[in-house]
Amino acid sequence: MAELTFKGSNYLKQKLILATISGKATKITDIRSSNGGLQEFEINLIRLIDKLTDGSKIKLHATELEYIPGILLGGKIEHQCCLDKSIGYYLDVLIAFGPFCKHPIEANLKGVTNSPDSPSVDHYKCSAFNIMKRFIIEVESFELKVLKRGMKPLGGGEILFKIKPVMKLRTLQIENSGMVKRIRGIVYACKVSPSFANRTVESAKGTMLNFLPDVYIHTDQNKGKLSGLSPGFGVNLSAETTENVIYAAEVVSNVQGTLPEDIGRECANKLLDEIYRGGCCDSTFQWIMILYMALSPKNVSKAVIGPLSQYSIKFLQLLKEFLGITFKLDTYEEEEDEEETDDNMRSPKVVLACVGVGYSNLARRVL
Amino acid sequence: MGNDDDFMDKKKPHKARHSGVKAKKKEDKKSKQLPTDKQKNPKAFAINAVRSAENRFHRKQDLKTKKHHIPIVDNSTEEAPPIVIGVVGPPKVGKSTLINNLIRNFTRTNVTSIKGPITIVVSKKRRITLIECNNDINSMIDLAKCADLVLLMCDASFGFEMEIFEFLNIAQVHGMPKIMGILTHLDSIKNIKALQKRKKLLKHRFWTEVYQGAKLFYLSGIQYGEYLRNEIKNLGRFIHVMKFRPLTWRGQHSYILADRMEDITNQETIRLNQKCDRNVVLYGYVRGIPLKKGNAVHIAGLGDMKIDELQALPDPCPMASKEKKRNLLEKERLLYAPMSGVGGIVYDKDAVYIELQGSHSHTRDNTEQSKLVREIIEKKQTFDEQIQNQEFRLFSDGDVIKSGDFQEDIDESGSENDQEMDDDSGMDSEPENDNLNDSSGWNPEDENDEENEGSVGSSDEEYQEIGNGNEFDDTIDNDDDDDEMIGSDWKEGVADRARNAYLERQSNNKSIMKLVYGKYHQNSSKNADSDNEEEDGKIGGLFKSISKLQSQIHQEKQQRDAEECPFFESDNVGIRNWLSDDNKSLVVNKFVTGKWKSNEDAEQLLALDDMSDGDSEVYGDFEDLETGEKFEGKTVKKDESDDENENKEEVKVSKKRDRVEEMNMTRKELIAKKMKLKAKFDSEYDNPELKDSHRIEDDEAFYEKWKAEADKQAELNRKEFSGLDDHVRSEIEGFRAGLYVRLSFKNIPCEFVTNFDASYPILIGALNMSEENIGLVNCEVKKHRWHRKILKTGDPLIISLGWRRFQTVPVYSKREDDLKYRFLKYTPNHINCHMSFYGPITPQATGFLAVQTVTNDITEMKRIGFRIAATGSVKEIDKSSSILKKLKLVGTPIKIFQKSAFIKGMFNSDLEVAKFTGAKIKAVSGIRGQIKKGISSIKEKSGRHVNVEPGTFRATFEDKIKMSDIIFCRTWFKIDVPQFYAPVNNMLLPIESKSQWTGMKTLGQLKREREIRNEVNEDNLYKPIVRQAQVLRPLKIPAALQKALPYKDKPKNAPINPKQKFEATRVAVVHSPHEQKIAKMMKMLKANYQAKKEKQKEQSTKKYVDKIKERQKGEFQQLQKQKELKRKIFKALSKKETDEKDGKSRHKKGFKKSFKKD
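The rules behind each value
- Residues numbered from 1 in each chain as written.
- Chains lettered and ligands numbered in written order.
- Predicted model: local features only at pLDDT ≥ 70, side-chain atom pairs only at ≥ 80, totals over all residues.
- Heavy atoms only, no water.
- Helix = DSSP H or I, 4+ residues; strand = E, 2+ residues; numbered from the N terminus.
- Buried < 20%, exposed > 50% of the residue type's maximum accessible area, 1.4 Å probe, protein only.
- Contact = heavy atoms within 4.5 Å.
- Areas by Shrake-Rupley, 256 points an atom, 1.4 Å probe, with all protein chains shown as cover.
- Salt bridge = Lys/Arg side-chain N within 4 Å of Asp/Glu carboxyl O.
- Polar contact = N/O pair within 3.5 Å; in protein donor to acceptor, adjacent residues only side chain to side chain.
- Axes fitted to C-alpha atoms, helices over the stretch in contact; angles between N-to-C directions.
- Parallel < 35°, antiparallel > 145°, perpendicular 65-115°, else oblique.
- Left-handed = near helix turned anticlockwise from the far one by under 90°.
- Core = buried A, V, L, I, M, F, W, Y, C linked by side-chain atoms within 4.5 Å.
- Pairing = 2+ DSSP bridges.
- Expected span 1.5 Å × (residues − 1).
- Bend = angle between axes of the 7 residues up to and from the residue.
- Nonpolar A, V, L, I, M, F, W, Y, C, P; charged D, E, K, R; others polar.
- Phe/Tyr/Trp six-rings, centres within 6.5 Å; stacked < 30°, edge-to-face > 60°.
- Lys NZ or Arg CZ within 6 Å of the ring centre and 35° of its normal.
- Patch = residues over 30% accessible without salt bridge, like charges linked within 9 Å, V, L, I, M, F, W, Y side chains within 5 Å.
- Lys, Arg positive; Asp, Glu negative; His and termini not counted.
- Charge placed at Lys NZ, Arg CZ, Asp CG, Glu CD.

**Q** Could you clarify how one ought to interpret the overall build of chain A in this entry?
**A** Counting its secondary structure elements, chain A contains 8 helices and 18 strands. Split into buried and exposed, the 367 residues of chain A put 65% on the buried side. Here the contacts in chain A between residues at least 6 apart in sequence split such that 76% fall between residues at least 24 apart. Carbon and sulfur atoms make up 48% of the accessible area of chain A, which totals about 12,500 Å².

**Q** What should I look at first to understand the interface of chain B and chain A in this one?
**A** When the parts come together, some accessible area is lost, and that loss is often what is quoted as the size of the interface. Each side of the interface is counted separately: chain B has 91 residues, and chain A has 104 residues. Counting the contacts that link chain B with chain A gives 6 salt bridges. A:Lys302 serves as the salt-bridge partner of B:Glu720, at 3.2 Å between the closest nitrogen and oxygen. Linking chain B with chain A are 26 residue pairs in polar contact (both at pLDDT 80 or more). Contributions of two or more residues to the side of chain B that touches chain A are made by α20 (492-508), α21 (512-528), α23 (546-560), α24 (581-587), α31 (697-720), α32 (726-733) and β31 (868-878) of chain B. Of the residues forming the side of chain B that touches chain A, the biggest block, 8 residues, is contributed by α21(B).

**Q** Please explain the packing of helix α7 (residues 286-295) of chain A against helix α8 (residues 310-323) of chain A as it appears in this structure.
**A** Each pair of packed helices can be summarised by the angle the axes make with each other and by the distance between the axes. Residues and elements named next belong to chain A. The N-to-C vectors of α7 and α8 enclose an angle of 25°; their axes lie 9 Å apart at closest approach. In this view, α7 runs roughly parallel relative to α8, as classed from their interaxial angle. Crossing angle aside, the handedness with which α7 passes α8 is right-handed. Residues Gln286, Trp287, Ile290, Leu291, Ala294 and Leu295 of α7 form the contact with α8, whose participating residues are Tyr311, Ser312, Phe315, Leu316, Leu319 and Leu323.

**Q** How do you make sense of the nonpolar core when you look at a structure like this?
**A** Within soluble globular proteins, side chains that are nonpolar tend to cluster in buried spots. Counting 137 residues, the largest nonpolar core has A:Met289, A:Phe327 and A:Leu329 as its most contacted members. Among residues more than four places away in sequence, those in contact with A:Phe327 are A:Ile290, A:Met293, A:Ala294, A:Leu316, A:Leu319, A:Leu352, A:Ala353, A:Cys354, B:Met513, B:Tyr517 and B:Ile732. Listed in part, the 50 residues of the second largest apolar core include B:Val84, B:Ala144, B:Phe165 and B:Leu183.

**Q** Teacher, can you tell me more about the pattern of salt bridges here?
**A** Between side chains of opposite charge, a pair can form as their charged atoms come close. Enumeration according to the criterion identifies 46 salt bridges over all chains in this entry. With a closest N to O distance of 3.7 Å, A:Glu78 and A:Lys110 form a salt bridge. On the criterion of sequence distance, the pair formed by A:Glu78 in strand β7 (residues 74-80) and A:Lys110 in strand β8 (residues 103-111) is long-range, its members being 32 residues apart. Judged by its relative accessible area of 27%, A:Lys110 is partly exposed. A salt bridge links B:Asp818 to B:Lys820; the nearest nitrogen and oxygen atoms lie 3.3 Å apart.

**Q** Just checking my understanding: could you explain the sheet that holds strand β1 (residues 4-7) of chain A for this structure?
**A** Whether parallel or antiparallel, the strands of a sheet pair through hydrogen bonds between backbone atoms. Residues and elements named next belong to chain A. Read from one edge of the open sheet, 4 strands run β1-β2-β5-β4, paired in mixed fashion. Looking along the sheet, the strands with just one partner apiece sit at the ends: β1 and β4 (57-60). Strand-to-strand twist across the sheet, computed as the mean angle between neighbouring axes with direction ignored, equals 10°. With 4 bridges joining them, β1 and strand β2 (residues 26-29) adopt parallel strand pairing.

**Q** Explain helix α4 (residues 121-135) of chain A here, please?
**A** Two residues of an α-helix separated by three or four positions point the same way, owing to the 3.6 residues in each turn. Residues and elements named next belong to chain A. End to end, α4 covers 20 Å across 15 residues, agreeing with the expected 21 Å (1.5 Å per residue, within 8%). Roughly 35° is the biggest bend found in α4, and it falls at Ala128. Here α4 lies mainly inside the structure; 13 of its 15 residues are buried.

**Q** Honestly, the packing of helix α1 (residues 12-22) of chain A against helix α2 (residues 40-52) of chain A in this entry has me stumped. Any pointers?
**A** Residue and element names in this part refer to chain A. In contact at an axis separation of 11 Å, α1 and α2 are set at 15° when each is read in the N-to-C sense. By the criterion of interaxial angle, the relationship of α1 to α2 is roughly parallel. As for how α1 packs across α2, the hand of that crossing is right-handed. When α1 is examined against α2, the residues Leu12, Lys13, Leu16 and Thr20 are found in contact with a partner set consisting of Glu42, Leu45, Ile46 and Ile49. Of the residues assigned to the contact of α1 with α2, the class counts are 5 nonpolar, 1 polar and 2 charged.

**Q** What's the story with the environment of A:Leu272 in this structure? I'm lost.
**A** Position of A:Leu272 among the secondary structure elements: in helix α6 (residues 260-277). As for A:Leu272 and A:Ala249, which are separated by 23 residues in sequence, their C-alpha atoms are 8.7 Å apart.

**Q** Would you mind going over helix α6 (residues 137-146) of chain B with me for this structure?
**A** The element α6(B) is extensively covered by neighbouring structure, given that 10 of its 10 residues are classed as buried. For α6(B), the complete set of buried residues consists of B:Ile137, B:Asn138, B:Ser139, B:Met140, B:Ile141, B:Asp142, B:Leu143, B:Ala144, B:Lys145 and B:Cys146.

**Q** What's the story with the packing of aromatic side chains in this structure? I'm lost.
**A** Each aromatic ring pair is summarised here by two numbers: the centre-to-centre distance and the angle between the ring planes. Applying the stated criterion to the full structure yields 30 aromatic pairs over all chains. For the ring pair B:Phe837 and B:Phe848, a centre distance of 6.2 Å and an interplane angle of 75° mean the geometry is edge-to-face. Here the residue B:Phe837 occupies a position in strand β29 (residues 833-840), and B:Phe848 occupies one in strand β30 (residues 847-851), the gap between them amounting to 11 residues. For B:Phe848, a relative accessible area of 0% translates into the label buried. Among the aromatic residues, those joined into a cluster by ring pairs are B:Phe160, B:Phe165, B:Phe206, B:Trp786 and B:Phe866. Seen from the ring of B:Tyr517, A:Lys320 lies directly overhead, with NZ or CZ sitting 5.9 Å from the centre. Just above the ring of B:Phe968 sits the side chain of B:Lys888; from NZ or CZ to the centre is 5.1 Å.

**Q** I tried to follow a nonpolar patch on the surface on my own but got confused; where do I start?
**A** All names here are of chain B. A cluster of nonpolar side chains, namely Ile1078, Met1081, Met1082 and Leu1085, defines an oily patch on the protein surface of about 390 Å² accessible area. On the secondary structure map, Leu1085 appears in helix α39 (residues 1073-1146). In this structure Leu1085 comes out as partly exposed when scored by relative accessible area, which is 47%.

**Q** Is there a simple way to think about a positive patch on the surface in this case?
**A** A grouping of B:Arg17, B:Lys22, B:Lys25, B:Lys26, B:Lys29 and B:Lys30 is seen on the molecular surface, where their side chains present a positively charged patch. A relative accessible area of 65% places B:Lys22 in the exposed class.

**Q** Could you clarify how one ought to interpret the sheet that holds strand β3 (residues 126-132) of chain B in this entry?
**A** All names here are of chain B. Ordered in space as β6-β5-β4-β1-β3-β2-β15, the 7 strands form an open sheet in which the pairing is mixed. Every interior strand has two partners, whereas the edge strands, β6 (216-218) and β15 (335-336), have only one. Relative to β6, strand β5 (residues 178-184) runs parallel, the two being bridged by 3 bridges. When the sheet's bridge partners are listed, Gly181 is paired in β6 with Leu216. Most of the contacts of helix α5 (residues 95-107) go to β3, to which it runs at about 160°, and overall it touches β1 (83-88), β2 (118-123), β3, β4 (149-155), β5 and β15. Most of the contacts of helix α7 (residues 162-173) go to β4, to which it runs at about 165°, and overall it touches β1, β4 and β5.

Spelled out as structure tokens, the structure:
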């Protein structure tokens, strides 16, 4: 069938994911034609996709990529991720493919677990899984274990990610995001003094206690091999609402070194930003919600999310290209407009509604 | 008489009382809940027999659960597409007559020739499409895939023919539509009894095929070339009350049964090249699920196609108006059959015929419509041309601009607002309005239709607004828009502003869709071809905005290779300090400690309840039992929320007071809210489903919940997009079932048009995602019992799967216990086996059927008996096969040591040996071993090294093997599935040979045709068995052994003369006279003695017998005496007993005494 053509390296991962899911041959040209073509982390990503699929054909040139997808295979894989990007970058692929593979994925990914460029593994664990849970009926179908932590330049982290395939996703209707009832968090420190972690906890908690008394922040001190190869620390905070929506935010220390207090406060502020934006999913993982909604059975799915991020907008456009699905997007008007809250005060929310494409797991064997 | 009747009929009608005693009594009766019988007399309903009650209960439950189906989300639309009724049967059975009669029955019109689908309006809520199935298995398959109801016709005088059974099988595989049998030619059986018998026989045969109690209709005969009017009427009634259950495949795919076909290729190109690819337009109702624009479709008998254009058209056969009336009006009984030439216009190859309905159409009517039509007809140019040639001058001395120059530009920008562009074309020259193109990709008319109609100007303003939002608000905005990399070392205030602007844009924009999709349209078109870009720059060929163009290209380039950022905001730019008071107030209500929505806040809910108590005088009537219960519900709810946020109440006491005050202000509103809640509760409370299932609540509740969920989803599916404009709706949802659409296709082989035969159904089935791809399909298959031959691996097979019919080469296999797929050369009889073939990817559990040929060849049909060769279902999709074939490698020993040996002939090189090192091997004698290592030479006895052939290896065994042993190595060998996939494109064949499609032939067919025979292997022939008698050498036992043997085992070597007999050695004895006397005497004495002995013996036996007799007699007498005695005693005893009893009853006291006396 006809080939889809794109230009440029931007959103390469999303394009590859959607091409594989939709089974459409894709060609991407002019990838960084001026500076260096495909980067190592992208080639690494393609290699991971190759491991996950069967019968896919990939042609790589310096600035060109041709991809004819095969079927999703899954199974046990081990992958050394490129250190330029954190494992989160690669985890996206597993999350998108996982429910539609032939075999359950048991992936052992090695590399950088926490870095500011992509969502960290903790971020996935608390908020991405929360979104996935709404679409996948089986409760115990995914799991993420951080075996070792690895910070940026040298990495050395390791995670185990498991996800079981399903035949179909569920349609989702969610409008009420509820109110934040608890704040949880984790502060991790690798190869640095434990006091860093404690100081981070203190400042993060100090900020959050202004809003809610139910704040618990754990510390995760790692020693020896478990702490990877580079020093660093960071904090991940999550807020759970009465409707079990989870917002999360994360801040990781720079290589040069940052004050732990600053990091704690910054993360808390980020989380508050996230809470302010509201909606029924974390803004970082809007794309998961959008993707799963698009792939759900041929019924109307509806969800209220915070303002669309640039990433989600692009993703919606790509979805239209690959799956031919258009979302109905509306601004969300809350039922009761109370006088005290001005329109300026509330952040704009978006109602996503779509008819799913009725995607079913074609690879899996039925009895 | 009539008058009398009228008179009699005029009785005074009954008038119900509205007031008075009687009315009041009735009212009371109604209002008061009278006790039911069960309540009045509970004993009567008590369970008497437990077992039978249990049985009764079980039976009731069984019947109930039998009715349960898995709830399916009902996707039916308000305006359902017409029901497809396929009329199927062997030739000469009366199909066309039936269709004719049905049409006559419903619409009172006659259709002269029946070709293709005929749509008619049957009743207020139902339309039907009748289609006749010709005698071709291709049509039968296609029809089975799209028919909702099948009228299966059968000649009763002949009985069921093979076609009927074949069709039933086809239908079953593709999701069993409703089937109604119709027996015709009943009048040819004259004898009533025979007729009845025949009917019964056929009915039962039909039932076994379809289901017990399937409807079989009898058309008893033909009168004046028509079936009896009554029977047709009944059949019609059956049809229009029939209910249908959704079928799986059709519930997941959309499909169209095309009822009109037009060739819209340019006549000039056809003239130049007769065989050029054609552009074809097909029309039909969308069925199944909504059809999307991007969908690929499969046209059965033609192949996969991409829809070039898809539009909804006004319904040619609309449902009757919604007015309340009993029957259809005469003018609403519509008939639409373009292929049969009834719809009005018939397109022939070289002419257009317009059918005029009777003479009245000659009268010239001067209505506005007809005028318009006439005008159009009289036009010399087409509309396109007219628009192309429209001219207009912008400046008095400027060039004349033809609108044709614009046309392309507009089309490419993806906007469908032609009219809009026409109005604006003058203003295009202004640079600001460049934005107009940018944001108009998402058809903006849709959002503000009403405004638009009023004035074009207003919509322009809107564009300006968007433009402002996009670009003109803030110059830095652009960067923000394209990539979020706002320079982190930029001023902070800018970042803040940028963020706010971004959010604002999302909130202020009336349609986010415009933001998301509108802009993108333009983008994608640019991506497609960069030439377009330049055209965008040149606006109307008048101005060139080069700088703009440059910057755009630059921006785009930047965007192309920008780093993607999954976060909402990259880096930490623009994060607010939430601890400042202004910001804090924004977010504080997002926490449970903040302010709740009034319908969630426990405090407020409580207050509401209090208030309603206070107001109870006003709403006195509502204060009944139910409200009491409602209060309970409330408090529970309060408790829950209390747990969650105890803190909240502690922290914010002061705020709460404020809120209570506020509440008082909006009291009326609150009361209204409360009423709403109350109504909600009431409906829940009154819902019998939740209330009455006490006994087995779990099962019932589960099912009910599931059903309710499906219903809710169906409701949402219907409601969600119903308010939208049709254009937007079709974009989001697709063209929903029931719409009449026009699909145009490009580059269709010319044979489709030139060899078009309307009697073949054109089934256009949409393909879901990735179903257009081809892969390895693994499925479970069973050869049909009635098919005479078994199927062979590697023989081509025609498979009907999903929408498609295609020929492919399957490989059969069997799934072994160790989950290995073992290659099979032939399908087994009567059991399932596994089949893999290269074909279109289809969802699992889709049924398919296989036939060996689709040609209508009678000899072939006789040979195979039943055309359906196999049926099965898809199990799994793969890209690489995993079928293994058993392969035995054979080798022979060349040298044998104690337990190891050198084996040759199994492999060809050392590399192969290396690969198989450690593999298990086995000798014919059963001795097991292992491959060790390849060798290159062996040492002979002489000490010389001799080279051996490559692939020889050393192996060890558990015991010494023999030189005569053959060594086996059992291995598995992967079989590849041949990559052959050829769709059956019978639509392209000439009309006379449409049913003669032959694809790839089987090897057997080819050999038979060319009379090629394999050469016979002489060794395989049977010959008479000649057995030679075995000659054994004499047995020699060594002397030493002979000596040691016992006598009986010793060889008896001494010769025994067999001739010397005993008689020969005997000597005759002759007595002397004396001796003779003695002998005689002795003889006499002996005889005497014996006689005496005999006598004695006789006497003694007699004595003995007598004695026994005597004894027996004595014993008998004694016994007799005893008997007598016993009898006396018992008599006395019994007498006493009766006396006792008597005595007891008479005088109880005298009882004991009398006993003692006895």
